[in-house]
Amino acid sequence: ARATATPAYHHALFASAMSLNPAQLEAVNHLAGPCLVLAGAGSGKTRVIVHKIARLVQTGTTVDRIAAITFTNKAAAEMRERAASLIGRSAGAATICTFHALGVRVLRESGEVLGLGPQFSILDSDDVTGLIKDAGSTTDLAQARAWQWTISRWKNQGLDAAAAAAQAQDEDERTAALVMARYQ
């Protein structure tokens, strides 16, 4: 979906861009490669990003080749809304989402390479704690969290349950390795 840049569109973009300070305008108009914008809360980063999206469209980039990634669902929704107000409905073709949503999208589209089916589930921390309690046959939340931290440490070291069991140094770690095997 290629946005058509009408004279009215150019005028609206120009008028809106006049609210940007010189550093923001520099970031919006930087088109030769990556541009890192570091700024504090409330300093206009979202405004810069949506103007950058509009500028890219104005210079011929198709909207479906634009991605704006942020941290919160609220920020992503605000970006989508502001982009739509600047460039119209075609903004819907841009990828404007959170890091997590982008990760899920990539996994849904290409997860089969990792052995994931298209309908995989993502567990939240309460789900994980519940599964670890089940795997360890306990109702003790503190014990389950201790196992969870140990398992997480082992995973960060690239260990599977068998390797974790082999390097377990005491009875608590041997139990955590058994829980890890059941959990996996």
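Keep in mind that this is a model prediction, so the values were computed, not measured. All residue numbers refer to positions counted from 1 along the written sequence of the respective chain. Local features are withheld for residues below a pLDDT of 70 in this predicted model, meaning they are given only at 70 or higher, and side-chain atom pairs are given and counted only at 80 or more; totals for whole chains, interfaces and linings count all residues. As a rule here, side-chain values come from all non-hydrogen atoms in the structure, and water together with hydrogens is ignored.

Peer 1: Honestly, the overall build of the protein in this entry has me stumped. Any pointers?
Peer 2: A count of helical and extended segments in the protein gives nine helices and two strands. For a compact globule the rule gives 2.2 Å times the number of residues to the power 0.38, and the radius of gyration it is set against comes from C-alpha atoms. Since a compact globule built from 184 residues should have a radius of gyration of about 16 Å, the 24 Å found for the protein marks it as more spread out than a globular shape. In terms of overall dimensions, the protein has a C-alpha envelope of 70 × 35 × 30 Å along the principal axes. With a 1.4 Å probe rolled over the protein chains alone, any residue whose accessible area is under 20% of its type maximum counts as buried; one over 50% counts as exposed, and the rest are partly exposed. Counting the 184 residues in the protein, one finds 30% classified as buried. With an accessible surface of roughly 11,800 Å², the protein has 55% of that area assigned to carbon and sulfur atoms. In this tally Asp and Glu are treated as negative and Lys and Arg as positive; neither His nor the chain ends contributes. A charged residue contributes its charge at one atom only: NZ of Lys, CZ of Arg, CG of Asp or CD of Glu. Between the mean site of the 18 positive side-chain charges and the mean site of the 16 negative ones, the protein shows a separation of 13 Å. Counting from the N terminus, the helices are the DSSP runs of H or I reaching at least four residues and the strands are the DSSP runs of E reaching at least two. Throughout, the Shrake-Rupley method with a 1.4 Å probe supplies accessible areas, and for residues the shown protein chains are the sole cover considered.

Peer 1: How should I be thinking about the packing of aromatic side chains in this particular structure?
Peer 2: The geometry of two aromatic rings is summed up by the distance between their centres and the angle between their planes. Ring pairs shown here join Phe, Tyr and Trp side chains whose ring centres sit within 6.5 Å, with only the six-membered ring taken for Trp; geometry is labelled stacked below 30 degrees between planes, edge-to-face above 60, and tilted in between. Summed over all chains, the structure comprises one aromatic pair. Consider the rings of phenylalanine 71 and phenylalanine 99, whose centres lie 5.0 Å apart with planes at 45 degrees: the pair is tilted. Taken together, the residues phenylalanine 71 in the loop between strand E1 (67–70) and helix H4 (73–87) and phenylalanine 99 in helix H5 (residues 99–110) connect sequence positions 28 residues apart. Residue phenylalanine 71 is classed as exposed on the basis of its relative accessible area of 67%. Across the ring face of phenylalanine 120, the terminal group of arginine 108 is positioned such that the distance to the ring centre comes to 4.1 Å. Each ring is checked for a lysine NZ or an arginine CZ that lies within 6 Å of its centre and within 35 degrees of its normal; such an atom marks a charge sitting over the ring.

Peer 1: Even after reading the chapter, I still don't get the packing of helix H6 (residues 125–135) against helix H7 (residues 141–156), so can you show me in this structure?
Peer 2: To describe two helices that pack against each other, one gives the angle between their axes and the distance between the axes. The contact between H6 and H7 brings their axes to 9 Å, and the two run at 100 degrees. Between H6 and H7, the crossing angle belongs to the class labelled roughly perpendicular. Facing Val128, Thr129, Ile132 and Lys133 of H6, the residues of H7 in contact are Leu141, Ala144, Trp147, Gln148 and Ile151. Across the contact of H6 with H7, the residue classes tally to six nonpolar, two polar and one charged. An axis is simply a line fitted to the C-alpha atoms; with a helix, the fit covers only the stretch in contact. Between two such axes, the angle follows the N-to-C directions and lies from 0 to 180 degrees. In these notes the angle categories are as follows: under 35 degrees is roughly parallel, over 145 is roughly antiparallel, 65 to 115 is roughly perpendicular, and the rest is oblique. Throughout, a residue-residue contact means that at least one pair of heavy atoms, one from each residue, lies within 4.5 Å. Here the term charged refers only to Asp, Glu, Lys and Arg, the term nonpolar to Ala, Val, Leu, Ile, Met, Phe, Trp, Tyr, Cys and Pro, and the term polar to all other amino acids, Gly among them.

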